[in-house]
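Tertiary structure, described
Residues per chain, in single letters:
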Amino acid sequence: MRYYDYLIVGSGIIGLTIARELRRRFPDRTIAILEKEEDVAKHSSGRNSGVLHAGFYYSADSLKARFTREGNQAMTRYCEENGLKINKCGKIVVATNEEELQGLYELKKRADRNGVELHWIAESELRRIDSNVRTFKRALYSPTTSTVDPVEVCAKLKEEITANGVEIFFNCPYRSQKDGLVYAGNEIFECGYLINAAGLYADKIAHEAGFGQAYTIIPFKGIYLKYAKNKTDLHTNVYPVPNLKNPFLGVHFTKTVDGTIKIGPTAIPAFWRENYKGLSRFKLGEFLTILKFELKLFYKNAFNFRTLAFEEMKKYMKRHFIGLSLKMVKRIDSDGFGEFMKPGIRAQLLNKETLELLQDFVIEGDHRSMHILNAVSPAFTCSFPFAQYVVDAICDKQGGQKVEAG
């Protein structure tokens, strides 16, 4: 049996940054991470767009608003200090009609309240940033939006924390917990404190410990299409006005860290938690449970789920998917797109009673364990200050032993 002061389940960006924050505060305590895969960032953290968001989408009273601006700065600093790739290409949010123009005004209000730099630009001024972007009358320009390589960032974090004594047990899937013991892989662990950062399976682990009972995770599949023709037709990220009533930002153009152009992502309802391709990782129990909730959402049309489901499923048709992006640009070769890229799965938390998709971060815990139940986009951007917030909460639950970060 192995004992650790802190045992973390999951080595995505959240698990890694929490381990890093714990090590910074408690250099003499033992810390380990349990990971079911052979390396870090094999799921959402390694499959996201790599966009470092600026923080203007979120209402001022949300944790996302609090952490996105700080997280953007912290992640930018981390990449620069460690020689990691970063593309400071900015972002333009465009409108296609008068109604969407009103959406831009709301985003600008949120940016001002959140202290985020966001500039109005007239249609005629777009050419100085990217002459290929199309908008209706006005657009918003975010100079602090960047892109990074999420796999590279997670690999660097792994290197840093393991060099500082954090142990990671790969190919060691969490199985259960009982009487203070954690069973994972072929090992039995005893820990002073358990931290659940298991992403798609965070709710299941939380339920075993008596937390998150009001919630379940509903997976949504995000797919991108790469623009294979060139890297020069666009120079910045281009986003539509989002529907602020749901957590999805709509199909947009992303400039990756190496300058590649891609469109996406989708938000297609998935039917099991790791429903990446075909029947890979299919689990009948997950399928039946998730289908039950998705049918309920469809029937009641909660958060306009019925329309969302129909619209998202149509994005499997490549021509339709490409067509959604064309209204944001003046010139793009619709035949220049390649195949669908490796999909990711969003672990979206659902309130089982109200059928509400939780838009903000949710954590629950006590003096023995802490559970990160909803760490959806922009969790990657927010990861450093969010980790500090989680560790603060852990310290408070352990009797107020709050130690400032070094």
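Quick summary incoming for the structure in this document. (Residues numbered from 1 in each chain as written. Predicted model: local features only at pLDDT ≥ 70, side-chain atom pairs only at ≥ 80, totals over all residues. Heavy atoms only, no water.)

Turning to the overall build of the chain, a few remarks are in order. Broken down by element type, the chain carries 11 helices and 22 strands. The buried share of the chain, reckoned over its 406 residues, is 55%. In the chain, the proportion of contacts linking residues at least 24 apart, taken out of those at least 6 apart, comes to 74%. Of the roughly 17200 Å² of accessible surface on the chain, 49% is carried by carbon and sulfur atoms. In the chain, 58 side chains carry a positive charge and 48 a negative one; their mean positions are 5 Å apart. (Helix = DSSP H or I, 4+ residues; strand = E, 2+ residues; numbered from the N terminus. Buried < 20%, exposed > 50% of the residue type's maximum accessible area, 1.4 Å probe, protein only. Contact = heavy atoms within 4.5 Å. Areas by Shrake-Rupley, 256 points an atom, 1.4 Å probe, with all protein chains shown as cover. Lys, Arg positive; Asp, Glu negative; His and termini not counted. Charge placed at Lys NZ, Arg CZ, Asp CG, Glu CD.)

With respect to topology, 3 strands assemble into an open sheet ordered β18-β13-β20, the strand pairing being antiparallel. The open sheet has two free edges, formed respectively by β18 (268-269) and β20 (344-351), since each of these has just one partner strand. Pairing geometry for strand β13 (residues 215-222) and β18, over 2 bridges, is antiparallel. The residue bridging Lys-221 from the neighbouring strand is Ile-268, located in β18. Against the sheet, helix α8 (residues 284-300) touches β13, β18 and β20, its axis set at about 85° to β13. (Pairing = 2+ DSSP bridges. Axes fitted to C-alpha atoms, helices over the stretch in contact; angles between N-to-C directions.)

Glancing now at helix α6 (residues 150-163). In an α-helix, one full turn covers 3.6 residues, which means residues spaced three or four apart are oriented alike. Taking 1.5 Å as the rise per residue, α6 with 14 residues should run 20 Å; its terminal C-alpha atoms sit 20 Å apart, in good agreement. Considered for burial, the residues of α6 that qualify are Pro-150, Val-153, Cys-154, Leu-157 and Ile-161. Down the axis of α6, the buried set is contained in an arc of 95°. They therefore lie on one face. The backbone nitrogen of Val-151 has a side-chain oxygen 3.1 Å away, supplied by the residue at the start of α6, namely Asp-149. (Expected span 1.5 Å × (residues − 1). Arc of directions from axis to C-beta. Polar contact = N/O pair within 3.5 Å; in protein donor to acceptor, adjacent residues only side chain to side chain.)

This part is about the pairing of strand β16 (residues 252-255). Side chains of β16 alternate between two faces, with His-252 and Thr-254 and Phe-253 and Lys-255 buried alike. Judged from the 4 bridges that link them, β16 and strand β17 (residues 261-264) form a sheet pairing that is antiparallel. Considered in β17, the bridge of Lys-255 is made with Ile-261. What sits between the antiparallel neighbours β16 and β17 is a turn of 5 residues, in which Gly-259 has the positive phi angle 90°.

A separate point is the layout of surface pockets. The volume enclosed by the second largest pocket comes to roughly 350 Å³. Taken together, 17 residues line the second largest pocket, and the ones lying closest to its centre are Gly-46, Asn-48, Pro-150, Lys-262 and Met-341. Of all the secondary structure elements, the ones that give two or more residues to the lining of the second largest pocket are α2 (44-47) and α6. Of the residues in the lining of the second largest pocket, the class split is 6 nonpolar, 5 polar and 6 charged. (1 Å grid on protein atoms, 1.4 Å probe; cavity = no way out; pocket = protein on both sides within 12 Å on 5 of 7 lines; lining within 4 Å. Points joined across faces, edges and corners; volume = space filled by probe spheres on them. Nonpolar A, V, L, I, M, F, W, Y, C, P; charged D, E, K, R; others polar.)

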